[in-house]
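Geometric and topological summary
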2 protein chains.
Amino acid sequence: MMETPDLSNPALLPMGFVDLLPVEAEAEARGLAAVMDVFSCHGYERVRPPLLEFEASLLSGSGAALAEQSFRLLDPSSHRMMALRPDMTTQIARIAAVRMQDCPRPLRLSYAGDCVVIGTPGREGQRQISQAGIELIGPDKAEADAEVIALGAEALAKLGIAHVSFDLSMPVMVWSLIEDGFSGAEREAIIHALDRRDAAAVREHGGAWAELLLGMMDAVGPAHIALQKLETLTFPDKLRPFVARLRADVAAILARLPTARLTVDPVDFRGWRYHTGVCVTVFALHSREELGRGGRYLAGDEPACGLTLHPHAFLRVAEPLPRRKRCLVPSYMAQKDLSSLHEAGYATIASLGESSAMEQEAHHLRCSHIWKDEQPTPLPR
Amino acid sequence: MMETPDLSNPALLPMGFVDLLPVEAEAEARGLAAVMDVFSCHGYERVRPPLLEFEASLLSGSGAALAEQSFRLLDPSSHRMMALRPDMTTQIARIAAVRMQDCPRPLRLSYAGDCVVIGTPGREGQRQISQAGIELIGPDKAEADAEVIALGAEALAKLGIAHVSFDLSMPVMVWSLIEDGFSGAEREAIIHALDRRDAAAVREHGGAWAELLLGMMDAVGPAHIALQKLETLTFPDKLRPFVARLRADVAAILARLPTARLTVDPVDFRGWRYHTGVCVTVFALHSREELGRGGRYLAGDEPACGLTLHPHAFLRVAEPLPRRKRCLVPSYMAQKDLSSLHEAGYATIASLGESSAMEQEAHHLRCSHIWKDEQPTPLPR
């Protein structure tokens, strides 16, 4: 097909792809490094899967849900279709199951990288998505769920984001009720009703589970109240272990994070299709910006729990980072003097003699200091 | 077209795409961070362009040379073709010319990220290429060329790679002779002859420039010897400024890096098509591994000089990084105690009670220490 290049406006990027300019790009890189350092301190070892893989591998298993959101491209080498990763969890699960199958469990892995999604034409939204996350593979217990959430909180606190809310859910409960009790049009109707939190429609379409579903809808709120309300409901035998686990998860999280703000939404189920246990969405308390999400799932056939933070989002609510003072220096300065300025927190800008006067050049280059009398001297304004 | 998924072997990645496992992935991330920190200390500000752009923008100008190496994909949103970036220099030039056109010059920018190239089917080679680099945009002078090269040396030294060689060339000289003096089959013949360093063929096809080209071929070697030999040759007027600039570049580099190992190859011209001045390839002295490359070019209509380091390559020759000692700790340990262990260089691994005895679990999880009597205690072997 013919291209219609718009060379008159080379600034125009495809919808959802952006340049990060100096302040943002530096903040993203430093924020990512801080988060990855927290994960590393807790024994999570970093892996780095590639940006693209064969689609048969990348979009299988838990990746199938993201198939429609993935850019595909033909590999001229193998004549097989590849896909740009829309998410990294599938890749980490593959690495755990294949490359690191002989490593001891619990296996703690961390990752950071960019993902690409197709998005919805005509609607706003990032299509290149930065992710930084952890996966705890092996144990299936409340302490493991709590560890993942506690490390998310510690990582965000490192960025100065202390006021967050962890919204917990157990989507497998609603999915289980839907799959056992409803089929065809009735299934569509109850999904739609729950999705809209429409109590009248849930009562109308809920059949034998109407009371239970309405009770679960009513239990949404702060964790201790939600758990009390769930206590009064009559769950079928197969759901009772999930209610008990949710209670154990809340207790284990509060044991690690006594002041954590936890909410529970027992009917949050959309967008959590492959999860097998507790799920969590992390929000900034004031802006309600989503900072990350995660949950329990199967990595291959192993129990796993993970959390992914969204650097794009959390940088909007993080405290601004201190920037280096800028000191204009002569271009042939001794490495020793340069190093001591760097250690003292300065960026050194070498004068390339673009202006006749150093001071003028320093102003021009937005420097705060100038090297004078063998020391950094604040620039007169 | 039909897919033939090979689910029996999910470890099989497309040729040239690899997983980095814990030790490598951590080393790459820490190496990149160290390199970017050196650039930041010298006032280079980080930008982060997207992984893909419209091909009309990404593969224009200096990017045109890489068009054949680029994966293309259709944007369903705009119905225009996009390309995965095969290189980041074009993107940085676009950002400088458009997004940062009002920022003062010299403009110092740094970047780090992954690029993707199609590669040659059937031949080995990475297709996902990590890059970390700088661009110095504005000044066209030897001190600017030297600054870029000196920062490359400082960044590599930070990784423990002190023994490097900078191989300088000035490809515009050979290209100028070829374009002015040869056409058609004769041009092909002289390019082929120079490419093979075939003195007899250069003499046969070199026409009026045979003596000069042979003299330039003979001048390959350590910078001071090469410059002496070039001194004895008779260059046409339009090439004399390039010879003078090469001499000035060598002097400026040695002023900043008195012990630098510099070589000059005046007939290195292949693969340097859009460069307007000095070009440099950085090699590890012992392995001859290429660690980076760069040179002078036009960013839009502005003079610019840049250098790109290849993290994949330099990690193979860098000193191994010290790893955190691993200490098994109880899962409910006070944050204060955890933090002091982290500050003392330990990674803390929370016991999730997978083994009956902590010591056994610590061995199993490859820990070097265990938390005992309120302190990290070396694990008996």
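Scroll up for the structure.
Quick look at the structure, then. Given the structure is predicted, the values throughout are model-derived calculations rather than measurements.

Cut-offs used in this document
Residues numbered from 1 in each chain as written. Chains lettered and ligands numbered in written order. Predicted model: local features only at pLDDT ≥ 70, side-chain atom pairs only at ≥ 80, totals over all residues. Heavy atoms only, no water. Helix = DSSP H or I, 4+ residues; strand = E, 2+ residues; numbered from the N terminus. Buried < 20%, exposed > 50% of the residue type's maximum accessible area, 1.4 Å probe, protein only. Contact = heavy atoms within 4.5 Å. Lys, Arg positive; Asp, Glu negative; His and termini not counted. Charge placed at Lys NZ, Arg CZ, Asp CG, Glu CD. Core = buried A, V, L, I, M, F, W, Y, C linked by side-chain atoms within 4.5 Å. Salt bridge = Lys/Arg side-chain N within 4 Å of Asp/Glu carboxyl O. Pairing = 2+ DSSP bridges. Axes fitted to C-alpha atoms, helices over the stretch in contact; angles between N-to-C directions. Buried area = accessible area lost by both parts, 1.4 Å probe. Polar contact = N/O pair within 3.5 Å; in protein donor to acceptor, adjacent residues only side chain to side chain. Least-squares fit on C-alpha atoms with pLDDT ≥ 70 in both. Phe/Tyr/Trp six-rings, centres within 6.5 Å; stacked < 30°, edge-to-face > 60°. Lys NZ or Arg CZ within 6 Å of the ring centre and 35° of its normal. Parallel < 35°, antiparallel > 145°, perpendicular 65-115°, else oblique. Left-handed = near helix turned anticlockwise from the far one by under 90°. Nonpolar A, V, L, I, M, F, W, Y, C, P; charged D, E, K, R; others polar.

1. Things to note about the overall build of chain A
Each helix and strand in chain A was counted, giving 13 helices and 16 strands. Seen along its three principal axes, the alpha-carbon backbone of chain A occupies a region of about 85 × 60 × 45 Å. Residues classed as buried in chain A amount to 57% of the 381 residues present. A separation of at least 24 residues holds for 62% of the contacts in chain A among residues at least 6 apart in sequence. Across chain A, the 39 positively charged side chains and the 49 negatively charged ones have centroids separated by 2 Å.

2. A few points about helix 3 (residues 89-99) of chain B
Along an α-helix, residues three or four apart share an orientation, since each turn contains 3.6 residues. All names here are of chain B. Most of helix 3 sits inside the fold, with eight of its eleven residues counted as buried. Every buried residue of helix 3 is accounted for by T89, T90, Q91, I92, A93, R94, I95 and A96. The secondary structure elements touched by the buried residues of helix 3 are strand 2 (52-54), helix 2 (55-58), strand 5 (107-116), strand 6 (128-137), strand 11 (290-299) and strand 12 (302-309).

3. Re the nonpolar core
Judged by nonpolar contacts, the single largest core of 73 residues is most densely connected at F39(B), F166(B), L168(B), L194(B) and M216(B). Aside from chain neighbours lying at most four places away, what touches L194(B) is V174(B), I178(B), V202(B), L213(B), M217(B), V267(B) and F269(B). Within the second largest apolar cluster, 72 residues are counted, among which are L151(A), L156(A), V267(A) and A284(A).

4. Examining the pattern of salt bridges
Pairing between side chains of opposite charge can happen when the charged atoms of each approach one another. Residue and element names in this part refer to chain B. One pass over the full model with this rule turns up 56 salt bridges over all chains. Here R94 and E53 are joined by a salt bridge, their closest N and O atoms 2.8 Å apart. Of the two residues, R94 is situated in helix 3 and E53 in strand 2; the sequence distance between them amounts to 41 residues. Note on R94: relative accessible area 7%, which makes it buried.

5. Overview of the sheet that holds strand 12 of chain B
All names here are of chain B. Read across the sheet, nine strands follow the order 1-5-6-12-11-10-7-9-8 without closing on themselves; strand pairing throughout is mixed. The open sheet is flanked by strand 1 (45-46) and strand 8 (221-222), the only strands paired with a single partner. Sheet analysis places strand 5 next to strand 6, joined by ten bridges and oriented antiparallel. Note on strand 6: the bridge partner recorded for D114 is S130. Against the sheet, helix 1 (residues 22-41) touches strand 1, strand 5, strand 6 and strand 12, its axis set at about 5° to strand 6.

6. Regarding the sheet that holds strand 3 (residues 72-75) of chain A
Residue and element names in this part refer to chain A. In space, the three strands of this open sheet follow the order 2-4-3, with antiparallel pairing throughout. Edge positions in the sheet fall to strand 2 (52-54) and strand 3, since each has one partner strand and no second. The average angle at which neighbouring strand axes cross in this sheet is 35°, direction not considered. Of the pairings in the sheet, the one linking strand 3 to strand 4 (residues 80-84) comprises four bridges and is antiparallel in character. Each bridged residue has a counterpart across the sheet, and for L74 the counterpart in strand 4 is M81.

7. Concerning the environment of H312(B)
Along the chain, the position of H312(B) falls in helix 11 (residues 311-317). With 145 residues separating them along the chain, H312(B) and D167(B) place their C-alpha atoms 20 Å apart. Discounting residues that sit within four places of it in the chain, H312(B) has contacts with R48(A), L20(B), E28(B), Q128(B), I129(B) and S130(B).

8. Regarding helix 5 (residues 171-181) of chain A
Residues and elements named next belong to chain A. Of all eleven residues in helix 5, eight are buried; the element is thus mostly enclosed. Those residues of helix 5 that fall on the buried side of the exposure criterion are P171, V172, M173, V174, W175, S176, L177 and I178. Buried residues along helix 5 sit in contact with strand 7 (164-169), helix 6 (184-195), helix 8 (210-218), helix 10 (240-256) and strand 10 (275-284).

9. Considering the interface of chain A and chain B
Contacts between the two partners involve 98 residues from chain A, matched on the other side by 98 residues from chain B. A combined buried area of about 8,600 Å² lies between chain A and chain B, and 59% of that area is made up of carbon and sulfur atoms. Where chain A meets chain B, there are twelve salt bridges. In this structure, the salt-bridge partner of R127(A) is D75(B), at a minimum N-O distance of 3.0 Å. For the pair chain A and chain B, the number of links is 28 residue pairs in polar contact (both at pLDDT 80 or more). Counting residues per element, the side of chain A that touches chain B draws most heavily on helix 1 (residues 22-41) of chain A, at eight residues.

10. Some thoughts on the relation of the copies chain A and chain B
If you rotate chain A by 180° and push it 0.0 Å along the axis, it lands on chain B with an RMSD of 0.0 Å. Interpreted geometrically, this transformation is the action of a two-fold axis. Residue L73(A) of chain A places its C-alpha closer to the rotation axis than any other residue of that unit, at 3.4 Å. The overlap is high: 100% of the interface residues of chain A also sit at the interface in chain B, so the same surface is used on both sides.

11. Considerations on the packing of aromatic side chains
Under the definition given, this model contains four aromatic pairs over all chains. Measuring from centroid to centroid gives 5.2 Å for W175(A) and F269(A), while their planes differ by 75°, and the two rings are edge-to-face. Linking W175(A) in helix 5 with F269(A) in the loop between strand 9 (261-264) and strand 10, this pair joins segments that are 94 residues apart in sequence. When sorted by exposure, W175(A) lands in the same class as F269(A), which is buried. Summarising the aromatic geometry, the rings of Y274(A) and Y297(A) are spaced 5.9 Å apart at their centres and angled 85° between planes, so their arrangement reads as edge-to-face. Pair noted here: Y274(A) is in the loop between strand 9 and strand 10 and Y297(A) is in strand 11 (residues 290-299), with a separation of 23 residues, a long-range link. By relative accessible area, Y297(A) is classed as buried at 2%. Positioned above the aromatic ring of F54(B), the side-chain terminus of R80(B) is 3.7 Å from the ring centre. Sitting above the plane of the F283(B) ring, R288(B) keeps its charged end 4.1 Å from the centroid.

12. So, the packing of helix 5 (residues 171-181) of chain B against helix 8 (residues 210-218) of chain B
Residue and element names in this part refer to chain B. Their axes nearest at 12 Å, the elements helix 5 and helix 8 cross at an angle of 160°. Taken together, the axis directions place helix 5 and helix 8 in an arrangement best described as roughly antiparallel. Helix-helix and strand crossings are classified by hand; for helix 5 and helix 8 the assignment is left-handed. Across from M173, V174 and L177 in helix 5, the residues of helix 8 making contact are L212, L213 and M216. Among the residues making up the contact of helix 5 with helix 8, the classes are represented as six nonpolar, no polar and no charged.

13. Remarks on the environment of R296(B)
Residue and element names in this part refer to chain B. By the secondary structure assignment, R296 is in strand 11. Using a relative accessible area of 3% as the deciding quantity, one classes R296 as buried. Sequence separation of R296 and P378 is 82 residues, and the distance between their C-alpha atoms is 54 Å. Here P139 takes part through its backbone oxygen, which lies 3.4 Å from a polar atom of the side chain of R296. There is a polar contact of 2.8 Å between the side chain of R296 and the side chain of D145.

14. Examining unusual backbone geometry
A cis amide bond links R105(A) to the next residue, P106(A), at an omega of 0°. In this structure, P106(A) sits in the loop between helix 3 (89-99) and strand 5 (107-116). One non-glycine residue, R197(A), lies in positive phi territory at about 55°. For R197(A), the location among the structural elements is in the loop between helix 6 and helix 7 (199-205). At E374(B), a residue that is not glycine, the phi angle is positive and equals roughly 60°. Mapped onto the secondary structure, E374(B) falls in the loop between strand 15 (369-372) and strand 16 (375-378). Judged by relative accessible area, E374(B) falls into the exposed class, the value being 62%.

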